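# A closer look at the structure
Here are the chains, one letter per residue:
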Amino acid sequence: MALLTLKRYQQQSLDELDKYLRAARLKGPRLAFEAQTGYGYNAEPFGEVPCVCLRIPTGGGKTLMASEAIGRMAREWPTNLAKPLVLWLVPSDTIRSQTLNALRTPGHPFRQALAQGVGDDVRVCELDELATLSPQDYAQRAVVVVATIQSFRVEDTDQRNVYSFSEKFEPHFKGVPAARLQVLNDLPDAVVTAEDAASDKAGREMLARFVGQPRWSLANWLALHQPYVIVDEAHNTKTERSFEALKRLNPCLILELTATPVPKRTNMLFHVSAQQLQAEDMIKMPIALIEHTRGWQAAVFDAVQNQRLLEAEAQQEEAATGDYIRPIVLLQAQNSTDPVNADALRQHLVEQLHIPEDQIKIATGTQRELEGLDLAARDCTVRYIITVQALREGWDCPFAYILCSVQSIRSATAIEQLLGRVLRMPYAKKRSRAALNKAYAHVTESDTGLAANALADRLIDGMGFDPLDMSAMIAPQLPFAWSDGQDDGPLFATVAQQVALPTLQVDVPADKPLPAQVQAAIDQGQASVSTDGKRQLIQWRGAMPDAVAQDLAALLRGKPKEQLSQSVERHNAVVQGALAPCNRGEVFALVPRLAYRPAGEQGELQLLERESVTEELDLNLLAEPVSLAGFHMAEQGTLWEVYLDGTRLRVGKGDAEQLPLDAVSTTISEDDLARWLAAELQHPLRNVARDVLPAHLRAFVLATVRNLINDQRIPLAQLARHQYPLMQKIALKIEELRDKAAKTTFTQLVLDGGWALETTPQIAFVFEANRYPVPANKLYRGKFKFSKHYYPVPADLEDGGEEWRCALAIDEHAKVKRWVRNLDSDPVAGFWLPTSSGRFYPDFVCELTDGRVLVVEYKGSHISGMAKEIEKGEVGKVWAERSEGKALFAMVFKNVDGMGVGQQLDAAVINKS
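### Examining the sheet that holds strand 14 (residues 474-477)
Taken together, the 7 strands give an open sheet; going across it, the order is 10-11-9-12-13-8-14, and neighbouring strands pair in parallel fashion. One side of each edge strand has no neighbouring strand; the edge strands of this open sheet are strand 10 (360-362) and strand 14. Here the strands of the sheet are splayed against their neighbours by 20 degrees on average, with no regard to which way each runs. Taken together, the 5 bridges between strand 9 (residues 328-332) and strand 12 (residues 400-405) define a ladder with parallel strand orientation. Looking at the pairing, Ile 328 lines up with Ala 400 of strand 12. Of the strands in this sheet, strand 9, strand 10 and strand 11 (384-387) touch helix 15 (residues 342-351), which is tilted by about 175 degrees from strand 10.

### Quick notes on empty space enclosed by the protein
Counted by the stated rule, this structure contains 6 cavities of 30 Å³ or more. Roughly 100 Å³ of volume is contained in the largest cavity. Together, 14 residues line the largest cavity, and Gln 275, Ala 472, Ala 769, Tyr 791 and Pro 792 are the ones closest to its centre. Contributing elements (two or more residues each) for the lining of the largest cavity: helix 13 (274-279) and helix 18 (470-473). Residue composition of the lining of the largest cavity, grouped by class: 8 nonpolar, 5 polar and 1 charged.

### Things to note about the pairing of strand 15 (residues 503-509)
Most of strand 15 is tucked away, with 5 of its 7 residues classed as buried. Of the strand pairs in this sheet, strand 15 and strand 17 (residues 535-541) are connected by 7 bridges, and their pairing is antiparallel. Within strand 17, the position partnered with Leu 504 by the bridge is Trp 540.

### Notes on the state of the cysteines
A complete count under the given rule lists 0 disulfides for this structure. Cysteine Cys 51 is unpaired, with the sulfur of Cys 53 as its nearest cysteine sulfur at 8.4 Å. Relative accessible area serves as the criterion here: at 0%, Cys 53 is assigned to the buried category.

Conventions adopted
Residues numbered from 1 in each chain as written. Predicted model: local features only at pLDDT ≥ 70, side-chain atom pairs only at ≥ 80, totals over all residues. Heavy atoms only, no water. Pairing = 2+ DSSP bridges. Helix = DSSP H or I, 4+ residues; strand = E, 2+ residues; numbered from the N terminus. Axes fitted to C-alpha atoms, helices over the stretch in contact; angles between N-to-C directions. Contact = heavy atoms within 4.5 Å. 1 Å grid on protein atoms, 1.4 Å probe; cavity = no way out; pocket = protein on both sides within 12 Å on 5 of 7 lines; lining within 4 Å. Points joined across faces, edges and corners; volume = space filled by probe spheres on them. Nonpolar A, V, L, I, M, F, W, Y, C, P; charged D, E, K, R; others polar. Buried < 20%, exposed > 50% of the residue type's maximum accessible area, 1.4 Å probe, protein only. Disulfide = S-S within 2.5 Å.

So this is what it looks like as structure tokens:
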């Protein structure tokens, strides 16, 4: 089985983890987290032990990411062990078995990812197998222990074997220095007490000899070695009992992964959005939502028609790509005692809609007709699966496209499992037929417009998506008059024909007069109200203004008042998505990109990147005298402290235990240290020395080591003890030398005309309608609604900030037809220009009313004179000149010669017309 390549959002998440751990070694967990995320850090209950969370929605590949993370944690947060010890906690025995099997199986992608980070000789085991390991085993190989949190979570530690005294662990405790065992004395229930000895009748004499000493127990063995702890589905561990159990294990680092973190108790380092999953073809988006108020029969009929049209599309897809897809409808029936139960629904499909019986299967707790079937097989005839509530774990349906519920989605139970299967993209690959890139939901509702908000609740609360994801995930549509053989219906009609704004339902007391704005909306037909004498039920169509929401909230008390704010946020997000230009069928203009001919004027035109220039480099790391500015070690008595760029490196628990070794000589040689450093720099995950010959790299590293020993007078033993920060600083030095050489070559070839550059429509950049992969924690959450932004929610703006003011000026400019807040972290979804140091992502890309493209880069005046910013302006100028009048570039500042942002935009558009 081939090694899985990380998706971009997975790579981004893990890169954020790397960045955090590097910073935490310098600043500590709290300051590093707050500087990186802008959010407060909850240090309780683990104190100085880093505890951070990667929030990954359902279907995002958490297990692969955890496998990848182990090697990164070991490199960026090293302990006193030569090989990492990892405790991987999961929520259930089923998931424990699945995870164990995957990590143990040679060739499995999870095993490969694990081995790539910690080496092939890795031991994956259960708790019961730990006692069979010898001390040499964990000293020579990485050990990953997979267990459930329940194994450790109990009030009475006597009830768990992991805390029990066991002679099997004698080899692991015998001979351990008393100073090292001291850490166990500070942990609860880790030491044998007189009460323990008295209560253990079978082993009373033996335990009596250990009173006051640490137990020989599995939990103590783990605590002694300070494991890295990975917590899957971490929202299940936010209880005091779970906190106590985790603290008892004395971890050096805790990494949480979950789709639904607990607010205020989770340090969320990175949050993957639905748009990021969709951009990597992991899920189908949007969900075309069709409400049926004429009864469940209408919903089922349209779902069947939907399936037939999708199957026709799938046949054309197979003819074009060879990929076989047979779209399947998942139907959620009522309970067995209700009228529309699974059997009644099957009877309706067969007798009323004439569906062949072999195309229908029931999957419930008592009817398991899917067992033994391969739903992806070409000879499988199944097109309709009827279920009721929860499906068993591991149940797979790769071709599920349509969800049909014969009951209101507001009351349906366990619908999240069905949604998860319908959202999944077959083969994780974007389809050439647009209809096959969407999911479909036919739901039964008593009133129009209510299902969108109910669906949003399920996606957010049950599946871990962000409220702002709803603007891109849900596309409410109107039922259509189906016609066999015709390309009409929700599958093919234009958005303008099909858009149906959702309705927000608000329940207020009948004795309270309605606010004036609500009454005005009722008079204008935007809202309606009904009453039963006790309550007034308001139904509001379209976006609800903040002022109206506040007036309605004033009529409520307690929990209903709190829920209203949440409901309005989710509702408005869905409305905002329905009204966005990208969802109204509008197409953004092509954006020219710089191209060059590498073999002269007769060569094939290729996209210009930084790598195009660096390919011309012959990087010589020894071209100038070797030095490592910024790396400093200071002698403090018998200890040495490490400083990187003036900041003292924080010492973790594992390092603290080893600090006395700084005063001891070493048998390691300069060549040994240089060889290790060079190997780390060449590690595939670091990619630091990708263009340097191994022999040249070793020579440079050896020269650097000798410079530190001879010029800075740092003993070799201390460099060897602090090899990781030394390696990090050498990596930065190599990048510095590479950037310096690239700057010279880039200026000669690109800016000074060494290469003939041009633009062509064949390699232009395209802003795709449904592809804007913004991390959820980067979505704009302010109050202003940008009417011209191409996508529902722009990225990375803060109300009142300078870039926000620039965006406001763009949105209000008469010459701007639509615009995009450009993404600076995705080379596929964001527009970029090459520079000598990498890719430059301008802040805004605008389509003007005359068809031209205006690219805007906003800069604060304090950095306008920096060399990198000057280079960006020069590249933008070259790009605009080569576009032959199709594109404009403007570097905009808060104020230039008395001109504000709007006036600078005017000058950019008018002066270059």
